[in-house]
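Chain by chain, the residues:
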Amino acid sequence: MLVQNSDTPLLIRLEEELREYFEGKRKIFTLPLAPDGTPFQKKVWETLRIIPYGETISYAEEAKLFGNAKAVRAVASANGRNPISILIPCHRVIATGGGLGGYSGGLWRKEFLLAVEKKSD
């Protein structure tokens, strides 16, 4: 039984897509996104959206993918300011040595999201 918390079509769609994600049935979100941020942050967040479901990359790899290998710290900082952290998957970025690195929502949430994606992979 689907319990809807809103009459707004976009919020209903968000609920559906998030439910599908946590059930392991959705790997790509299709909602239109318009997060508020600087042009630099927005470009970093677009870079995050191309990391495939169930995969991780390092902050250094993200900086290279972004187009500036020397901007590791700035890219990591922009990740931390991501306002839509599941839909824009900053949890897929880990430390170069394989550790989790940081996560503004708490490392236990990052671990949980990575586990959700690994389980349904």
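All values derive from a computational prediction rather than experimental measurement.

Peer 1: Any chance you could break down the pattern of salt bridges for me, citing the residues and the numbers?
Peer 2: The tally for this structure, following the rule as stated, stands at six salt bridges. When the shortest N-O distance is used, the salt bridge between Arg19 and Glu23 registers 3.9 Å. You can call Glu23 partly exposed: its relative accessible area is 42%. Lys25 is the partner of Glu23 in a salt bridge, and the nearest nitrogen-oxygen pair spans 3.4 Å.

Peer 1: Please provide a residue-by-residue account of helix α3 (residues 59–66), values included.
Peer 2: An α-helical turn contains 3.6 residues, so any two residues separated by three or four positions project in the same direction. Turning to α3, its buried residues are Tyr59, Glu62, Ala63 and Phe66. Along the long axis of α3, the arc covered by the buried residues comes to 100 degrees, so they all point the same way. On its buried face, α3 is in contact with α2 (39–48), β1 (57–58), α4 (72–80), β2 (93–94) and α5 (107–119). Remark: Gly67 follows α3 within two positions and exhibits a positive phi of approximately 115 degrees.

Peer 1: Please set out the confidence of the model for the protein chain residue by residue, giving values where relevant.
Peer 2: Summary statistics for the protein chain give a mean pLDDT of 92 and a share of 93% for residues scoring 70 or more. Mean pLDDT per element in the protein chain: α5 is the minimum at 93, and α2 is the maximum at 97.

Peer 1: Give me the lowdown on helix α1 (residues 9–22), citing residues and values where you can.
Peer 2: Between its first and last C-alpha atoms α1 spans 20 Å; for 14 residues at 1.5 Å apiece the expected length is 20 Å, and the two agree. Those residues of α1 hidden inside the fold are in contact with α5. Phi turns positive one or two residues past the end of α1, at Gly24, with a value near 80 degrees.

Peer 1: Describe the packing of α3 against α4, naming the residues involved and giving the relevant values.
Peer 2: The geometry of α3 relative to α4 is characterised by a closest axis approach of 9 Å and an angle of 95 degrees between their N-to-C directions. For the element pair α3 / α4, the angle class is roughly perpendicular. From α3, Tyr59, Ala60, Glu62, Ala63 and Phe66 reach across to α4, where they touch Val72, Val75, Ala76 and Asn79. A per-class count over the contact of α3 with α4 returns seven nonpolar, one polar and one charged.

Peer 1: Break down the nonpolar core for me, citing the residues and quoting the values.
Peer 2: If you look at the biggest cluster of nonpolar residues, it comprises 22 residues, and the most contacted ones within it are Tyr21, Val44, Trp45, Leu48, Ile51, Val75 and Val93. With residues up to four places along the chain from it excluded, the contact list for Val93 reads Leu48, Ile51, Ile57, Ser58, Tyr59, Glu62, Asn79, Leu100 and Lys110.

Peer 1: Could you give an account of the packing of aromatic side chains, naming the residues involved and the relevant values?
Peer 2: Counting across every chain of the model gives five aromatic pairs. A centroid spacing of 5.4 Å and a plane angle of 40 degrees characterise the contact between Tyr21 and Phe29, whose relative ring orientation is tilted. Here Tyr21 matches Phe29 in class, with each residue buried. Seen in terms of ring centroids, Phe40 and Phe66 are 5.1 Å apart; in terms of plane orientation they differ by 70 degrees. Their pairing is edge-to-face. Within this pair, whereas Phe40 is found in helix α2, its partner Phe66 is found in helix α3, the two being separated by 26 residues in sequence. For Phe66, a relative accessible area of 10% translates into the label buried. Members of the aromatic cluster, joined through ring pairs, are Tyr21, Phe22, Phe29, Tyr53 and Phe112. Just above the ring of Phe66 sits the side chain of Lys43; from NZ or CZ to the centre is 4.9 Å.

Conventions adopted
- Positions within a chain are numbered from 1, following the residues in the order the chain's sequence is written.
- For a predicted model such as this one, the threshold for reporting local features is a pLDDT of at least 70, and the threshold for listing and counting side-chain atom pairs is 80 or more; totals across whole chains, interfaces and linings nevertheless cover every residue.
- Excluded from the side-chain calculations are hydrogens and water; all other atoms, namely the structure's heavy atoms, are used.
- Within this document, salt bridges are pairs made up of a side-chain nitrogen of Lys or Arg and a carboxyl oxygen of Asp or Glu, the two lying within 4 Å of each other.
- To sort residues, take the accessible area from a 1.4 Å probe on protein chains only and compare it with the maximum for the residue type: under 20% means buried, over 50% means exposed, and anything in between is partly exposed.
- Strands here are runs of E lasting at least two residues and helices are runs of H or I lasting at least four, both read from the DSSP assignment and numbered beginning at the N terminus.
- This arc is taken over the directions from the axis of the helix to the C-beta atoms.
- Contacts are residue-level and defined by heavy atoms, with any inter-residue pair within 4.5 Å sufficient.
- pLDDT expresses how confident the predictor is about each individual residue, on a scale running from 0 to 100.
- Every helix has an expected span of 1.5 Å times one less than the residues it contains.
- Between N-to-C directions, angles span 0 to 180 degrees; the directions come from axes that are lines fitted to C-alpha atoms, helices contributing only their stretch in contact.
- Any angle between 65 and 115 degrees counts as roughly perpendicular, while under 35 counts as roughly parallel, over 145 as roughly antiparallel, and the rest as oblique.
- Three categories are distinguished: nonpolar for Ala, Val, Leu, Ile, Met, Phe, Trp, Tyr, Cys and Pro, charged for Asp, Glu, Lys and Arg, and polar for the others, with Gly belonging to the last.
- Nonpolar core, defined: a set of buried Ala, Val, Leu, Ile, Met, Phe, Trp, Tyr and Cys residues in which side-chain atoms within 4.5 Å join the residues together.
- In summary, the pairing rule links any two rings of Phe, Tyr or Trp, Trp by its six-membered ring, whose centres are within 6.5 Å, and it sorts them by plane angle into stacked for under 30 degrees, edge-to-face for over 60 and tilted for everything else.
- Charges are assigned to positions over rings by a cutoff of 6 Å between ring centre and Lys NZ or Arg CZ, combined with an angular limit of 35 degrees from the ring normal.

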